[in-house]
Amino acid sequence: MEYVSSDTNIWIDFSVIQEIELPFRLPYTYIMSEDAIADELLSPPELGQELISHGLKPVEISIEEFELAQSYGEKYIKLSIYDRIALSIAKNRNITLLTGDGALRRASREEGVCVIGTIGIMDRLLERELVSEAEYVECLQRLKQQNGGSVRLPSAELEARLEKHSAENCGGRG
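Residues numbered from 1 in each chain as written. Predicted model: local features only at pLDDT ≥ 70, side-chain atom pairs only at ≥ 80, totals over all residues. Heavy atoms only, no water.

Novice: Whenever I open this one, the overall build of the chain confuses me. Can you help?
Specialist: Scanning the chain for helices and strands turns up nine helices and five strands. When its helices and strands are written in sequence order, the chain yields β-α-β-α-α-β-α-α-β-α-β-α-α-α. Compactness check: the chain gives a C-alpha radius of gyration of 16 Å against a globular reference of 16 Å for 174 residues, within 12% of the reference. The principal-axis extents of the C-alpha atoms in the chain amount to approximately 55 × 35 × 30 Å. (Helix = DSSP H or I, 4+ residues; strand = E, 2+ residues; numbered from the N terminus. Rg over C-alpha atoms; globule rule 2.2 N^0.38 Å.)

As structure tokens, then:
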């Protein structure tokens, strides 16, 4: 089982389209700082508990992770404390970071931390046949409909995948 350090925005994406359980089909153990779960997952209020019931593991951060997160504050001023903690957990434990936050993704690349986001999760679910092609397209369409509000994904990436998979569903004639 692969561990993945989690930021909160991905869960909001899946919550908005009412598919919160989808990422848990992958063979990953998602972990998040206990404090981030308590403080950041406020909308909807029950989201933190719902994620825990699906398998999100609250973790305490080590002194090293706390100090690393503190050092990121000077280097990456656009990151919240919980963004810096998620990054420090991923960096210190040498695991992937789950986020869609642009500033956090840039910081992760600079720190040599592997990143995956909402679209990447959907791609992996399809590749591993944990969702059908129709379910994949439906989820992407719902994400596209919500994009620009609570969901903030790269439109071009959504469009490209929808175009490709819609064409495949039409026997390549689309």
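Novice: Quick question: what am I supposed to make of unusual backbone geometry here?
Specialist: Among all residues except glycine, the phi angle is most often negative; among peptide bonds, the trans geometry is most common. The phi angle at N94 is positive, at roughly 55°, despite the residue not being glycine. Backbone geometry at E129 places phi at a positive 55°, although glycine is not the residue there. Mapped onto the secondary structure, E129 falls in the loop between helix 7 (118-127) and helix 8 (133-146). Overall, the relative accessible area of 70% leaves E129 in the exposed class. (Buried < 20%, exposed > 50% of the residue type's maximum accessible area, 1.4 Å probe, protein only.)

Novice: Help me out: how do you make sense of the confidence of the model for the chain in this one?
Specialist: Where the model shows low pLDDT, its predicted coordinates should not be examined in detail. Mean pLDDT over the chain works out to 90, with 92% of the residues at or above the 70 mark. Per-element confidence in the chain is highest for strand 4 (residues 96-98), whose mean pLDDT is 97, and lowest for helix 2 (residues 34-40), whose mean pLDDT is 82. (pLDDT = per-residue confidence, 0-100.)

Novice: Would you mind showing me how to read helix 1 (residues 9-16) here?
Specialist: The periodicity of an α-helix, 3.6 residues per turn, causes residues three or four places apart in sequence to face the same way. Along helix 1, the positions that sit buried rather than exposed are I10, W11, D13, F14 and S15. Looking at the buried positions of helix 1, the neighbouring elements they touch are strand 1 (2-6), strand 2 (28-33), helix 3 (47-54), strand 4, helix 7 and helix 8. Just downstream of helix 1, Q18 is the residue with a positive phi angle, here 55°. (Contact = heavy atoms within 4.5 Å.)

Novice: Is there a simple way to explain the nonpolar core in this structure?
Specialist: W11, F14, Y30, L87, L98, I121 and M122 are the most contacted members of the largest nonpolar core, which totals 52 residues. Looking at this core, the element that brings in the most residues is helix 5 (residues 81-93), giving six residues. For M122, the contacting residues outside a window of four places in its chain are F14, L22, Y136, C139 and L140. (Core = buried A, V, L, I, M, F, W, Y, C linked by side-chain atoms within 4.5 Å.)

Novice: So what exactly am I meant to see when it comes to the sheet that holds strand 4 here?
Specialist: Strands belonging to one sheet form pairs held by backbone hydrogen bonds; the direction of such a pair is parallel or antiparallel. Strand order in this open sheet of five strands is 3-2-1-4-5, and the pairing throughout is parallel. Every other strand in the sheet has two partners, leaving strand 3 (57-59) and strand 5 (115-116) as the edge strands with one partner each. For strand 1 and strand 4, the ladder comprises three bridges, and the chain directions are parallel. Bridge pairing links S5 to L97 in strand 4. (Pairing = 2+ DSSP bridges.)

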